[in-house]
Amino acid sequence: MVGAEGAADVAGAEGPAPIRVLIADDQLLVRRGLVLMLGPEPGVEVVGEAADGAQAVELARRLRPDVVVMDIRMPVLDGIAATGQLTQQVPDCRVLALSTFDMDEHVVGALRAGACGFLPKDISPEELVTALRVVHTGEAVVAPRLLTRLISSYVRAPQRPARPAAGTGPAGVLDELTPREREVWRLIATGLDNAGIAAEMFISPSTVKNHITALFAKLQVRDRAQAVIAAYEAGLITAGERG
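Residues numbered from 1 in each chain as written. Predicted model: local features only at pLDDT ≥ 70, side-chain atom pairs only at ≥ 80, totals over all residues. Heavy atoms only, no water.

Engineer: Help me understand helix α10 (residues 194-201) in this model?
Structural biologist: Three or four residues apart is the spacing at which side chains of an α-helix point the same way, because the helix has 3.6 residues per turn. Regarding α10, the residues found buried are I197, A198 and M201. When α10 is viewed along its axis, its buried side chains cluster within an angular range of 100 degrees and face the same direction. In α10, the exposed positions that point more than 90 degrees away from the buried face belong to A195 and A199. Those residues of α10 hidden inside the fold are in contact with α9 (179-189), α11 (205-219) and α12 (224-234). Note on α10: the residue one or two positions beyond its end, F202, has a positive phi of about 60 degrees. (Buried < 20%, exposed > 50% of the residue type's maximum accessible area, 1.4 Å probe, protein only. Helix = DSSP H or I, 4+ residues; strand = E, 2+ residues; numbered from the N terminus. Arc of directions from axis to C-beta. Contact = heavy atoms within 4.5 Å.)

Okay, here's the thing in structure tokens:
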């Protein structure tokens, strides 16, 4: 008989628990294709399938998956609305949105609703698995420059004010940021990763990470995707601008 400590050792020897994935897509062939992609992958377990957004929310509440692979366009409840509900009702669950086109404006709505990123549906199995692992850690899966280009096309930023407006929302929070937090935010929005920000500002990567943690708390965003959207909405950066 294995004692408590022995059982813990056995569990540790087996490695980390698999990433539990729920697939939501209204097309049966797409769902089955994703299951075939992910089923044989070590460290990934498909725990359910949903044919619309309402089913996705219901199953996520019951099954508690780690990641929901969410189609944007679905009947009954679309992927954007379903993502918003999941963010509120199952906050520990991450959403990876899928779209037929990687420049689909509806993906921005999904990011605003709380998705950690998106991928086109014609991705390779390797890309999908990599994305799942990234999203599972809470990071945005969209490449920073691709994200910037997407948001540049669809987010309509207000005209940059001469002086940041006080109050609530992305523009209002500018007054609460330190100069370095504001600069880190701007550089995130131009597509730099932590190493690039550190080099640009002549500070260490660990200091960048500390600034980002404080910045995200003040902006009330979960990841870089939402931070970039907020930067455009606040007028901190305009479409096409680079650092």
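Next comes the rest of the description.
Engineer: Help me understand the pattern of salt bridges in this model?
Structural biologist: Opposite charge on two side chains permits pairing when their charged atoms draw close. For the coordinates displayed, the defined rule picks out 7 salt bridges. When the shortest N-O distance is used, the salt bridge between R31 and E49 registers 3.3 Å. In this pair, R31 sits in helix α2 (residues 28-38) while E49 sits in strand β2 (residues 44-50), placing the two residues 18 residues apart along the sequence. Its relative accessible area of 11% is what places R31 among the buried residues. Between R32 and E49 there is a salt bridge; the shortest N-O distance is 3.5 Å. Taken as a pair, R32 in helix α2 and E49 in strand β2 lie far apart in primary sequence, 17 residues in all. We classify R32 as partly exposed; its relative accessible area is 45%. Overlapping salt bridges bring together D25, D71 and K121 as one network. (Salt bridge = Lys/Arg side-chain N within 4 Å of Asp/Glu carboxyl O.)

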